[in-house]
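Observations on chain architecture
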Amino acid sequence: MNAPLTLLLLPLSWLYAAVLAVRNWLYDRGLKAVTHFPVPVISVGNLRVGGTGKTPHVAWVVHELQLAGQLPAILSRGYGRQTTGYGRVSAADSAATVGDEPLQHFLDFKAAVPVAVAEDRRVGIQHLLRDTSASAIVLDDAYQHRRVQPTLSILLTEHQRPFYHDFVLPAGRLRESRRGARRADAIIVTKCPAELALAEQAQIRRYIRRYSRPGVPVLFSTYAYGVPVAVGAEGGPATKSGVLLTGIAQPGPLRAHLMQAGYLLTHEAAFADHHPFTVAEIQAVCAQLRPGDSIFTTQKDAMRLREPALQAALAGVPVFYIPIEVRFLADGASLLRQSLMSTFQPYAVV
């Protein structure tokens, strides 16, 4: 957004921020009800609209809980689904029924981790505790969901678009003011360069600590990209050229990775985050393919490509998603691991 338009929209942002500040004040003072649960509730979210890397960070948290001998469950709103209310994700579901991110979690963790969706997180947690043996609940994208009291609140902010340089909607992309960072128990700067200089890390920490509580750990994470994984029946190794198809908030890091890894991208079809691909759009993408080309996409986008009509449009076309894994810089992993384990102490289950 250009500077003149930002200035023009700032009064609306101030008004919106003021409404949210009153709401948060009512929760902070106990004037609006907050529900506590008998197991740790770990919230992973952000202040900004759009992709800060919540899905892979939720997966990291869940994996660490499993390694510690816990039985975590994942609860998401299920953004973009065509259903409402509480639902337990199953093999019969699709991105249309539960959302692309919950479906991805379900397929990644198989039956070992219950995954559910619910707009009202209180209702969702109640169902999960009744229907499963979950010893912890991980909330995906629930930083602004104040009706549930998290045991640990993890705030994500993107390295290239940190919250402290942004404004509240509509002048910027923040869901609430920067002061919302004070609720965080840990703050992770995501999508960092793997060799982020210590001096820059220190500067980022100084900016963040203008808004966070004293002593809250500020950690840095990066993405490690895996080898392409075939989507659908078309297997075999991926070619080194093709089309990049995305429906995520920030396709830039994936594009940069593919180019640095020696892939030739002949065309890019970039859609909005959670975009429901149509048959016509997929056919248009396929029309850009040259002989020997592949389609490259993200794992989250691959969830939406599983729709039967889209699979039919992709018949005979090699499609691959690029898996990503979160890795922390320096001692970030051990510090976050300590925070996770500390959440169980009041419950006497560790």
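This text goes with the structure placed above it.
Summarised in this report is the structure supplied together with it. (Residues numbered from 1 in each chain as written. Predicted model: local features only at pLDDT ≥ 70, side-chain atom pairs only at ≥ 80, totals over all residues. Heavy atoms only, no water.)

Our next topic: unusual backbone geometry. Put simply, Leu 169 and Pro 170 share a cis peptide bond, and its omega is 0 degrees. You can see Pro 170 is positioned in the loop between β6 (152–158) and β7 (186–190). The phi torsion at Lys 110 lies on the positive side, around 55 degrees, for a residue other than glycine. Here Lys 110 lies in the loop between α4 (100–109) and β4 (115–117). Residue class for Lys 110 comes out exposed when judged on its relative accessible area of 52%. (Helix = DSSP H or I, 4+ residues; strand = E, 2+ residues; numbered from the N terminus. Buried < 20%, exposed > 50% of the residue type's maximum accessible area, 1.4 Å probe, protein only.)

What follows concerns the packing of helix α2 (residues 54–67) against α4. At a closest axis distance of 11 Å, the pairing of α2 and α4 adopts a crossing angle of 35 degrees. Helix-helix and strand crossings are classified by hand; for α2 and α4 the assignment is right-handed. Note on element contacts: α4 touches α2 through Glu 101, Gln 104, His 105 and Phe 109, opposite Thr 55, Val 58, Ala 59, Val 62, His 63 and Gln 66. For the contact of α2 with α4, the residue count by class is four nonpolar, five polar and one charged. (Axes fitted to C-alpha atoms, helices over the stretch in contact; angles between N-to-C directions. Left-handed = near helix turned anticlockwise from the far one by under 90°. Contact = heavy atoms within 4.5 Å. Nonpolar A, V, L, I, M, F, W, Y, C, P; charged D, E, K, R; others polar.)

A sheet is described by the order of its strands in space; here five strands give the open sequence β9-β13-β12-β10-β11, paired in mixed fashion. Only two strands of the sheet have a single partner each, and these edge strands are β9 (229–230) and β11 (264–270). (Pairing = 2+ DSSP bridges.)

Below, the discussion takes up helix α1 (residues 3–28). An α-helical segment advances 3.6 residues per turn. Residues three or four places apart therefore align on the same side. For α1, the principal kink sits at Leu 10 and spans about 45 degrees; a proline, Pro 11, occurs within the next four residues. Turning to α1, its buried residues are Thr 6, Leu 9, Leu 10, Ser 13, Ala 17, Leu 20, Asn 24 and Tyr 27. Backbone geometry just downstream of α1 places Gly 30 in the positive-phi region, at approximately 75 degrees. (Bend = angle between axes of the 7 residues up to and from the residue.)

Burial analysis of strand β1 (residues 41–46) places six of its six residues in the buried class, which makes it a mostly covered element. The alternating pattern of β1 places Val 41, Ser 43 and Gly 45 on one face and Ile 42, Val 44 and Asn 46 on the opposite face, and all of these are buried. By the bridge criterion, four bridges tie β1 to strand β5 (residues 136–140) in an arrangement that is parallel. Across the sheet, residue Ser 43 finds its bridge partner in β5, namely Leu 139. With five bridges joining them, β1 and β6 adopt parallel strand pairing.

On to the sheet that holds β7. One open sheet holds the nine strands; their spatial order is β3-β4-β2-β5-β1-β6-β7-β8-β14, and the pairing between them is mixed. Only two strands of the sheet have a single neighbouring strand rather than two, namely β3 (87–88) and β14 (324–328). Against the sheet, helix α5 (residues 121–131) makes contact with β1, β2 (72–76), β3, β4 and β5, and its axis sits at roughly 150 degrees relative to β2, the strand it touches most.

Residues Val 61 and Ile 154 are the most contacted members of the largest nonpolar core, which totals 47 residues. Of the residues forming this core, the biggest block, five residues, is contributed by α2. The contact partners of Ile 154, leaving out residues within four places of it in the chain, are Ile 42, Ser 43, Val 44, Gly 45, Val 61, Tyr 143, Ala 186, Ile 188 and Leu 336. Judged by nonpolar contacts, the second largest core, of 21 residues, contains Leu 47, Leu 155, Cys 192 and Val 216. (Core = buried A, V, L, I, M, F, W, Y, C linked by side-chain atoms within 4.5 Å.)

Functional significance is not addressed by these values, which are geometric in nature.
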